[in-house]
Amino acid sequence: MAKNKKSETVDKKTVIEQSNELFDFNGVWDYAPSPEGTSHVKLKERYDLYIDGKFVAPSSGKYFKTVNPATDEELAEVAYGNEQDVDKAVKAARVAYETVWSKLSAKERGKYIFRIARLMQEKARELAVVETLDAGKTIRESRDVDVPLACNHFFYYAGWADKLEYAFPNRKTQALGVAGQIIPWNFPLLMAAWKIAPALAAGNTVVLKPAETTPLTAMLLAEIIHESGLPAGVVNIVTGYGDTGAAIVNHPDVNKVAFTGSTNVGKIIQKAVAGTGKKLTLELGGKSANIIFEDAPIDQAVEGVVNGIFFNQGHVCCAGSRLFVQESVADMVIQKLKDRLDTLYVGNPLDKNTDIGAINSKAQMETILKYIEIGKNEGADIYESKCSIPKKGNFIRPTLFTDVAQSSRIAQEEIFGPVLSVQTFRTIDEVIQKANNTPFGLAAGVWTDKGSRIFNLTTKLRAGVVWANTYNKFDPTSPFGGYKESGFGREGGMHGLGAYLKFER
Amino acid sequence: MERLEILKTYKIFIGGQFPRTESGRYYSPMNKKGEALANMCLSSKKDHRNAVVAARKAFGSWSERTAFNRGQILYRIAEMLEGRKSQFVEELVKQGATAPKATAEVDLAIDRCVYYAGWCDKYQQVFSSVNPVASSHFNFSALEPMGVVGIIAPQTNSLIGLVSTILPVIAGGNSCVVLAAEQLPLCAITFAEVLATSDLPGGVVNILTGSEKELIDAFHAHMDINAVLYAGENDEHARKLEEGADCNVKRIIRYVGGLTKTTDESPYYINDFQEVKTTWHPIEHVGGATSSY
């Protein structure tokens, strides 16, 4: 032991000496490329709809292309499902619910879900690579966050299937029937897991529509579900555009609508579902506050703010897009943030060194660039990272605005991109008021060394999730969802089951 | 000479005060025999707005009261109600109930107040959770009130429906704006007098009388109402509420059946007007230390 220790110190010293020669610590580090291999991934040229346990062509015969946003290369063709296809899927889900799934014992139901979780774990690497190719998110994120969380979500809810009576004391629960689910493009596989796993555990059957720019991992999930032997029709996946989603929402035989996406579309769905008796949960947009107090561990906080807004290119509904810094440390924090921005790697999402990948689509890129212009025109000070970005594909430099007014659109509206607006505050009362001054209420972050202050703020911030000295943390056991215009209902944890059950009092 | 009876002027209840409707309008609901009950305030949209302002103002301090204190105040409501029992029975009879039925309804209403008083400091324990996340965090989900709740009380009864909708909402720390039963409004205003003498802070409960048809749009269109409880019987109105709720993603919850049964009470009625908040609190993680001390 002692011997080892000695040699270790020697090695460390030489390494440091060597590195002083190799690296210029005053400049930006450069890494050798380290791309994740894609040879083990075999994408099909064309993906069909998954309805009633079969992969079937869309009734219109139409397909649309899905591209890699980092290279603009076409990845595959995907079926464009229409009203007729949705009707077929809902009918299959209804039959599966009536004849198979509701008849099955809860224990057996759970075992199917466990099996799906295991198969996903076995194919985790393939899922991660395809997620990165299709969505533009970094491989580090797909590999370490999205895919494991998705697997774990299935694993978590699998265990609930035969334990529902413990979640709702003194109440009889019952499945709703057919759940229509529409998911966004920012966490394609993870959102599919958040939707499908609790729905199945609660005893429902499912018709799911992935986002049009990111349908591939949902189709790989369909293949996994098929491989698991899940009875035909229990899960149906219909790819397409907004009209495909509308067909699901408006289908008269759907008992439950679950939607994750923008507040604007959420409001349209709330109106569409009115008076139908369909149960509805909405997980919508946000403009979440990340608050740094002067006693916070500043370096850790800066790292957390960077993670809060630049994680997944800022395509996160709970992104910490409004930073509030206590005045006494504002200059230091902003300087550190700018320095950190310059060291972020923007580029090939498949490269394991990359911090920020590609913007998901051309349309989203335009939206973000529009907001950057708005910020400038409103008089805020812009700082963009000096990093280089690839010429091809959709890339935006991490950006922050200082001197942002509370009324500014970049402080009020969801941008859904790598753009941070920074404001300052003096007192706790002031920051609580500013943080709550938004129609949204999804999440918030608090950075302080003081535990009692954390609990004070977590009770006063009107948001569904509050992170203290961390940000963008997710866990299958942890309920997630918003207040106010960020939607209603929770996903994850015991509370997430309520969205897929009806109760007899 | 016979003494001339003093008739009660029924007014509305906003911010702990009893103003007349700002509109100066009235309506005269009739009982089954065709006798006019009283001249009731025909509340306007402006009254509704004033009530929402009062409710929002009261929300902060009410929701921050200790759960124990809220329980004390709700129990006080039961005490005050008990003391005025005969007055409520009288009004119910005037509105058309038989004396035994009226007595039963008042008894049930009082007991329901006691029931929810007891829940004030318990439902949190039933519905909260500590979540075993796979990281070094103490993660818990607790309930918080939604904010200002609009309540359209059951139209088929006067007192028990009112109590059954208001009590779970305020037990959970919300404030509310209530529209009483249009044709059976007497008890609602007398109940407001009970509330006004129960240490309940002004503005936590605001009660309007008037037309559901006229005010239904105000309930879904007001941007500072967080949720609406519809306990009326009109499907068209329920649909209107749900359709209009998109302006600020209001939560619309509907109860049917008037809540008149002895079983129409549960902590799930409180839960319906709660948000789930999840907090991730860091746990210091010192290398080397294990739990096998």
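Per chain, the residues get numbers from 1 upward, laid out in the order the sequence is written. Labels follow written order: the first chain is A, the first ligand is 1, and so on. Note on the predicted model: pLDDT of at least 70 is required for a residue's local features to be given, and 80 or more for side-chain atom pairs to be given and counted; whole-chain, interface and lining totals, by contrast, use all residues. Excluding hydrogens and water, the side-chain values take into account all heavy atoms of the structure.

A. Looking closely at helix 3 (residues 106-122) of chain A. Residue and element names in this part refer to chain A. By definition, any uninterrupted DSSP run of H or I lasting at least four residues is a helix, any uninterrupted run of E lasting at least two residues is a strand, and each is numbered from the N terminus. Every helix has an expected span of 1.5 Å times one less than the residues it contains. For helix 3, built from 17 residues, the straight-helix expectation of 24 Å at 1.5 Å per residue is met to within 8% by its first-to-last C-alpha distance of 25 Å. Listing the buried residues of helix 3 in full gives Arg109, Gly110, Ile113, Ile116, Ala117, Leu119 and Met120. Whether two residues are in contact is decided by their heavy atoms, any of which lying within 4.5 Å being enough. Its buried side turned inward, helix 3 meets helix 2 (83-101), helix 4 (124-135), helix 5 (139-160), helix 6 (188-201) and helix 7 (216-228). Only protein chains enter the accessibility calculation, which uses a 1.4 Å probe; a residue is then buried when its area is under 20% of its type maximum, exposed when over 50%, and partly exposed in between.

B. Representation of the domain arrangement of chain A in the model. All names here are of chain A. Domain annotation of chain A identifies domain 1 (46-284 + 484-504) and domain 2 (289-468). Placing a centre on the C-alpha atoms of domain 1 and another on those of domain 2 gives a separation of 30 Å. Each side of the interface is counted separately: domain 1 has 28 residues, and domain 2 has 34 residues. Where domain 1 abuts domain 2, roughly 2500 Å² becomes buried across the two surfaces, and 55% of that area is made up of carbon and sulfur atoms. Throughout this description, the term salt bridge denotes a Lys or Arg side-chain nitrogen within 4 Å of a carboxyl oxygen of Asp or Glu. Joining domain 1 to domain 2, the criterion identifies two salt bridges. Across the salt bridge formed by Asp355 and Arg140, the nearest N and O atoms sit 3.1 Å from each other. Whenever two N or O atoms come within 3.5 Å, that pair is a polar contact, provided that in protein one can donate a hydrogen and the other can accept it, and provided that, for residues adjacent in sequence, both atoms are side-chain atoms. Remark: the boundary between domain 1 and domain 2 carries 16 residue pairs in polar contact (both at pLDDT 80 or more). Elements represented by at least two residues in the side of domain 1 that touches domain 2 include exactly helix 4 and helix 5. It is helix 5 that contributes the most residues to the side of domain 1 that touches domain 2, five residues altogether. What fixes the domain bounds is an automatic or database domain assignment. The term buried area denotes the loss of accessible surface (1.4 Å probe radius) that occurs when two parts are joined, taken as the sum for both partners.

C. Summary view of the packing of aromatic side chains. The criterion for an aromatic pair is that two Phe, Tyr or Trp rings (for Trp, the six-membered ring) have centres within 6.5 Å, with stacked assigned to planes under 30 degrees apart, edge-to-face to planes over 60 apart and tilted to the rest. Within the structure shown, the criterion is met by 25 aromatic pairs over all chains. An angle of 45° between the planes, with centres 5.4 Å apart, marks the rings of A:Tyr31 and A:Tyr345 as tilted. With A:Tyr31 in the loop between helix 1 (2-22) and strand 1 (46-47) and A:Tyr345 in the loop between helix 11 (327-343) and helix 12 (362-377), the pair connects residues that are 314 residues apart, well separated along the chain. For A:Tyr31, a relative accessible area of 42% puts it in the partly exposed group. Aromatic side chains B:Tyr115 and B:Trp119 sit 6.4 Å apart centroid to centroid with 75° between the ring planes, which places their arrangement in the edge-to-face category. Of this pair, B:Tyr115 and B:Trp119 both sit in helix 4 (residues 99-119), separated by four residues, roughly a single helical turn. Through pairs of rings, three or more aromatic residues link up here, namely A:Trp194, A:Trp467, A:Tyr471, A:Phe474 and A:Phe480. Only Lys NZ and Arg CZ are tested; either one counts as a charge over a ring when it is within 6 Å of the ring centre and within 35 degrees of the ring normal. A cation over a ring is seen here: A:Lys256 above A:Tyr500, with NZ or CZ 4.8 Å from the ring centre.

D. Broad picture of the side chain of B:Glu105. Residues and elements named next belong to chain B. As for its placement among the helices and strands, Glu105 is situated in helix 4. Charge counting follows a simple rule: Lys and Arg are positive, Asp and Glu are negative, and His as well as the terminal groups are ignored. No salt bridge is formed by the buried Glu105; the nearest opposite charge belongs to Lys101, separated by 8.5 Å. Reaching out from Glu105, the side chain makes a polar contact with the backbone nitrogen of Leu159 at a distance of 3.0 Å. In this structure, Glu105 is in contact with Leu92, Asn157, Ser158, Leu159 and Ile160, ignoring residues within four places of it in sequence.

E. Geometry of the sheet that holds strand 5 (residues 73-79) of chain A. All names here are of chain A. Strand pairing is defined by DSSP finding a minimum of two bridges between the two strands. The strand order across the open sheet built from three strands is 1-5-4, with neighbouring strands paired in mixed fashion. Of all the strands in the sheet, just strand 1 and strand 4 (63-68) have a single pairing partner and so form its edges. Along the sheet, helix 4 makes contact with strand 4 and strand 5, crossing strand 4 at roughly 100°. Only the stretch in contact is used when a helix axis is fitted, and all axes are lines through C-alpha atoms; the angle between N-to-C directions ranges over 0 to 180 degrees.

F. Local environment of helix 2 of chain A. Along helix 2 of chain A, the positions that sit buried rather than exposed are A:Asp85, A:Val86, A:Ala89, A:Val90, A:Ala92, A:Ala93, A:Arg94, A:Ala96, A:Tyr97 and A:Trp101. The opening residue of helix 2 of chain A, the one whose side-chain oxygen lies 3.0 Å from the backbone nitrogen of A:Gln84, is A:Asn82.

G. Representation of the interface of chain A and chain B in the model. At the junction of the two partners, chain A supplies 43 residues and chain B supplies 43 residues. Approximately 3400 Å² of surface area, both sides summed, lies buried where chain A meets chain B, with 53% of it carried by carbon and sulfur atoms. Note that B:Glu275 is salt-bridged to A:Arg490, the shortest N-O span being 3.3 Å. The interface formed by chain A and chain B contains 25 residue pairs in polar contact (both at pLDDT 80 or more). If you list the elements that add at least two residues to the side of chain A that touches chain B, you get helix 9 (263-273), helix 15 (451-460), strand 18 (465-468) and strand 19 (487-488) of chain A. Ranked by the residues each element gives to the side of chain A that touches chain B, the list is headed by helix 15 of chain A, at six residues. For this scheme, ten residues count as nonpolar: Ala, Val, Leu, Ile, Met, Phe, Trp, Tyr, Cys and Pro. Four count as charged, namely Asp, Glu, Lys and Arg, and the remainder, Gly too, count as polar. For the side of chain A that touches chain B, the per-class residue count stands at 19 nonpolar, 13 polar and eleven charged.

H. Spotlight on the packing of helix 4 of chain A against helix 6 of chain A. Residues and elements named next belong to chain A. Orientation of helix 4 relative to helix 6, taken along the N-to-C sense of each, is 115°, at an axis distance of 9 Å. Taken together, the axes of helix 4 and helix 6 are roughly perpendicular relative to one another. Taking contact as the criterion, the partners of Leu127, Glu131 and Ala135 in helix 4 are, on helix 6, Pro188, Leu189 and Leu190. Roughly parallel covers angles under 35 degrees, roughly antiparallel covers those over 145, roughly perpendicular covers 65 to 115, and oblique covers all other angles.

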